Amino acid sequence: MSAPTVDAAICDLMDWAWNSVEELLKRHGLLGDGLVVEDYTGMMSWLEGPTRYTVVHSTVIAILFMDTTPVDAIAFRRDLLGSADPKVFFGA
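All of the points below concern the structure found in this document. (Residues numbered from 1 in each chain as written. Predicted model: local features only at pLDDT ≥ 70, side-chain atom pairs only at ≥ 80, totals over all residues. Heavy atoms only, no water.)

### Quick word on the overall build of the protein
Within the protein, the regular secondary structure consists of 2 helices and 4 strands. Tracing the protein from N to C terminus, the helices and strands come up as α-α-β-β-β-β. For a compact globule of 92 residues, the expected C-alpha radius of gyration is about 12 Å, and the protein comes in at 12 Å, within 12% of that figure. Taken over the C-alpha atoms alone, the protein extends approximately 35 × 30 × 25 Å along its principal axes. Across the 92 residues that make up the protein, the buried fraction comes to 38%. Nonlocal contacts in the protein, meaning residues at least 24 apart in sequence, comprise 39% of its contacts between residues at least 6 apart. Surface accessibility of the protein: about 5,600 Å² in total, with carbon and sulfur atoms responsible for 54%. Distance between charge centroids for the protein: 7 Å, based on 6 positive and 13 negative side chains. (Helix = DSSP H or I, 4+ residues; strand = E, 2+ residues; numbered from the N terminus. Rg over C-alpha atoms; globule rule 2.2 N^0.38 Å. Buried < 20%, exposed > 50% of the residue type's maximum accessible area, 1.4 Å probe, protein only. Contact = heavy atoms within 4.5 Å. Areas by Shrake-Rupley, 256 points an atom, 1.4 Å probe, with all protein chains shown as cover. Lys, Arg positive; Asp, Glu negative; His and termini not counted. Charge placed at Lys NZ, Arg CZ, Asp CG, Glu CD.)

### A look at the packing of aromatic side chains
Per the stated rule, a full pass over the model turns up 1 aromatic pair. Aromatic pair tryptophan 46 and tyrosine 53: ring centres 5.7 Å apart, planes at 15°, arrangement stacked. Under the relative-accessibility criterion, tyrosine 53 is labelled buried at 11%. (Phe/Tyr/Trp six-rings, centres within 6.5 Å; stacked < 30°, edge-to-face > 60°.)

### Some thoughts on the environment of leucine 64
Along the chain, leucine 64 turns up in strand β3 (residues 61-66). In this structure the C-alpha to C-alpha distance between leucine 64 and methionine 43, which are 21 residues apart in sequence, comes to 9.9 Å.

### Regarding the sheet that holds strand β4 (residues 69-75)
Across the sheet, 4 strands lie side by side as β1-β2-β3-β4; this open sheet has antiparallel pairing. This sheet does not close on itself; its edge strands, each paired only once, are β1 (42-48) and β4. The sheet shows a mean angle of 20° between the axes of neighbouring strands, direction not considered. Relative to strand β2 (residues 51-57), β1 runs antiparallel, the two being bridged by 7 bridges. Looking at the pairing, tryptophan 46 lines up with tyrosine 53 of β2. Relative to the sheet, helix α2 (residues 18-27) contacts β3 and β4, its axis offset from that of β4 by approximately 35°. (Pairing = 2+ DSSP bridges. Axes fitted to C-alpha atoms, helices over the stretch in contact; angles between N-to-C directions.)

### Thoughts on the pattern of salt bridges
The full count for this structure, using the stated rule, is 4 salt bridges. Its salt-bridge partner being glutamate 48, residue lysine 87 comes within 2.6 Å of it at the nearest N-O pair. In this pair, lysine 87 sits in the segment after β4 while glutamate 48 sits in strand β1, placing the two residues 39 residues apart along the sequence. By relative accessible area, which is 18% here, lysine 87 ends up buried. A salt bridge links arginine 77 to aspartate 79; the shortest N-O distance between them is 2.8 Å. (Salt bridge = Lys/Arg side-chain N within 4 Å of Asp/Glu carboxyl O.)

Below you can see the structure in the form of structure tokens.
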């Protein structure tokens with residue numbers, strides 16, 4: 001069995017929490033003209049104790065998930081990529 005591709009992992013996570021992601025983006029004023037999963041092209045994921053943190057991002061928006069729950073969204077920043085602690089960019 002092979003590992004899932006990044007695209008498949010993004011689609012799986014975003015599909016799982018689609019309504020919550022949409023509400024989170026609305027709340028932060030980040031919901032644009034369209035919300036298409038295919039626009040999200042990158043992801044980073046790490047464990048801290050028993051909690052998995054995942055950041056899914058497009059070129060415009062980044063969403064922080066704790067396990068499978070979206071907890072915060074921000075306008076995408078390039079310095080988020082490769083950060084030692086990407087959570088510091090989010091308020092959650």
